[in-house]
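Single-letter residue listing:
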Amino acid sequence: MKLFISNFKFQISVIALFLMTCTNQPGGHSIEAPNQYTCPMHPSVLQDKPGVCPICGMDLVKKGQPGQEVKITAELNYLLRPTNAMVTSSIRIIRPVEKNLEVSVKANGVITYDTRSSTSIPIRFAGRIEKLSIKYNFQPVRKNQKILEIYSPELLTAQRDLLYLLTSDKENTALIDGAKKKLQLLGISDSQIAQLIATGKESYSFAVFSPVNGYIVEEAALSQINNELLIREGMYVNAGQTIFKVVNTDQVWAEFDVYQRDAASVKVNDPVRLSFDNTTEEIDAKVNFVQPFFKGGESFVKVRSYLANSENKLKIGQLLTAS
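So, a few notes on the structure that sits alongside this text.

Basis of the calculations
Residues numbered from 1 in each chain as written. Predicted model: local features only at pLDDT ≥ 70, side-chain atom pairs only at ≥ 80, totals over all residues. Heavy atoms only, no water. Helix = DSSP H or I, 4+ residues; strand = E, 2+ residues; numbered from the N terminus. Buried < 20%, exposed > 50% of the residue type's maximum accessible area, 1.4 Å probe, protein only. Contact = heavy atoms within 4.5 Å. Axes fitted to C-alpha atoms, helices over the stretch in contact; angles between N-to-C directions. Parallel < 35°, antiparallel > 145°, perpendicular 65-115°, else oblique. Left-handed = near helix turned anticlockwise from the far one by under 90°. Nonpolar A, V, L, I, M, F, W, Y, C, P; charged D, E, K, R; others polar. Expected span 1.5 Å × (residues − 1). Salt bridge = Lys/Arg side-chain N within 4 Å of Asp/Glu carboxyl O. Core = buried A, V, L, I, M, F, W, Y, C linked by side-chain atoms within 4.5 Å.

### With respect to the side chain of N309
So, point 1. Summarising the element assignment, N309 is placed in the loop between strand 17 (300-308) and strand 18 (319-322).
So, point 2. Take N309: its relative accessible area is 3%, and that puts it in the buried class.
So, point 3. Contacts of N309, omitting those with residues within four sequence positions, involve T249, D250, V252 and L314.

Here it is as structure tokens:
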């Protein structure tokens, strides 16, 4: 009985050895169980029923037979990508595009004088105002119109020096020319000097005339737009003092305030459309000047447009809106 069992075990061992030898021989075919399932990423995982891969968690797929076409399912579709491509994120991105956009800035402003068109009238000799021909600020004046008369001891002495030389030393042309030059430096015109020589009598007061056409205004009231005169008859003035200015309104400024946050968008030569209060009229202009600094305590930047006003339609102090 023991011999029979030993022979039976020997036969089983021989059969198992024969099967293993056939499997490992070159050109041999392994015997695989039908309907095996494997992981697409880890082929070493095999089982006889559907499930998930214990390594990566992917669903197992049915393993195809040799020579059988493998169907590409949704689970395998993502594998069909170029070898040099890689998905790093599913976040959508935006590509920047450089282009020009129109930016519109609005600001409030006012019509004001063009300071380039203003002319100062300085007093060249000290004295007392004898007569004032100007009655109020912004009074219109014409060129060579008399503004005031001043009594000046210095001017009186210079006249007497010239008359003395003309009567006592006519041949001394150098001194006479020097006396005339002194009167000219004091602001006396050639016609006034000629009248002094013709009459032989000095004048106790001399007139000051407007050099240009325009509107006369006191220096102190130019920024305040005040009609009341501060200068009075009988007041004394010093040599070199500027009492009046004559402003010409043929050229004016449209001056408006732009917020600091919008100042960077406003450039010289930018187009500007001006509209005025209580009227539908609009004017097309351009930016001529942008204030290059911020004033302390202000949140605005001054911007100017230069406007022609030969017909005097634009009034000083008129409110406007710029776009």
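Right, picking up where we left off after that structure.
### Observations concerning the packing of helix 3 (residues 153-168) against helix 4 (residues 173-185)
So, point 1. Contact geometry for helix 3 and helix 4: axes closest at 9 Å, N-to-C directions at 160 degrees. By the criterion of interaxial angle, the relationship of helix 3 to helix 4 is roughly antiparallel. Both helix 3 and helix 4 take part in a crossing whose hand is left-handed. The residues of helix 4 that touch helix 3, namely those facing L155, A158, Q159, L162, L165 and L166, are L175, I176, A179, K180, K182 and L183.
So, point 2. When its residues are assigned to classes, the contact of helix 3 with helix 4 shows nine nonpolar, one polar and two charged.

### Points about unusual backbone geometry
Both trends apply: most residues other than glycine have a negative phi, and most peptide bonds are in trans.
So, point 1. The backbone of N144 shows a phi angle near 70 degrees, a positive value even though the residue is not glycine.
So, point 2. You can see N144 is positioned in the loop between strand 7 (139-141) and strand 8 (146-151).
So, point 3. Within the chain, N312 stands out as a residue other than glycine whose phi angle is a positive 60 degrees.
So, point 4. Relative to the assigned elements, N312 resides in the loop between strand 17 and strand 18.

### Overview of helix 3
So, point 1. For helix 3, which comprises 16 residues, the first-to-last C-alpha distance of 22 Å matches the rise-based estimate of 22 Å (1.5 Å per residue) to within 8%.
So, point 2. All of the buried residues along helix 3 are L155, L156, A158, Q159, L162, L163 and L165.
So, point 3. Of the surrounding elements, those touching the buried residues of helix 3 are strand 8, helix 4, helix 5 (190-199) and strand 9 (206-209).

### A look at the pattern of salt bridges
So, point 1. Enumeration over the complete set of coordinates arrives at nine salt bridges.
So, point 2. Note that K146 and E149 form a salt bridge whose closest N and O atoms lie 2.7 Å from each other.
So, point 3. Taking relative accessible area as the criterion, K146 reaches 29% and is therefore assigned partly exposed.
So, point 4. With a closest N to O distance of 3.8 Å, E282 and R273 form a salt bridge.
So, point 5. Several salt bridges share partner residues, and in doing so they unite R273, E282 and D284 into one network.

### Some remarks on the nonpolar core
So, point 1. L183, I216 and F244 are the most contacted members of the largest nonpolar core, which totals 31 residues.
So, point 2. Among the secondary structure elements, those contributing two or more residues to this core are strand 6 (127-132), strand 8, helix 3, helix 4, helix 5, strand 9 and strand 12 (242-247).
So, point 3. Per-element tally for this core: the top contributor is helix 3, with five residues.
So, point 4. Counting 18 residues, the second-largest nonpolar core is a separate cluster that includes F276, L314, L320 and A322.

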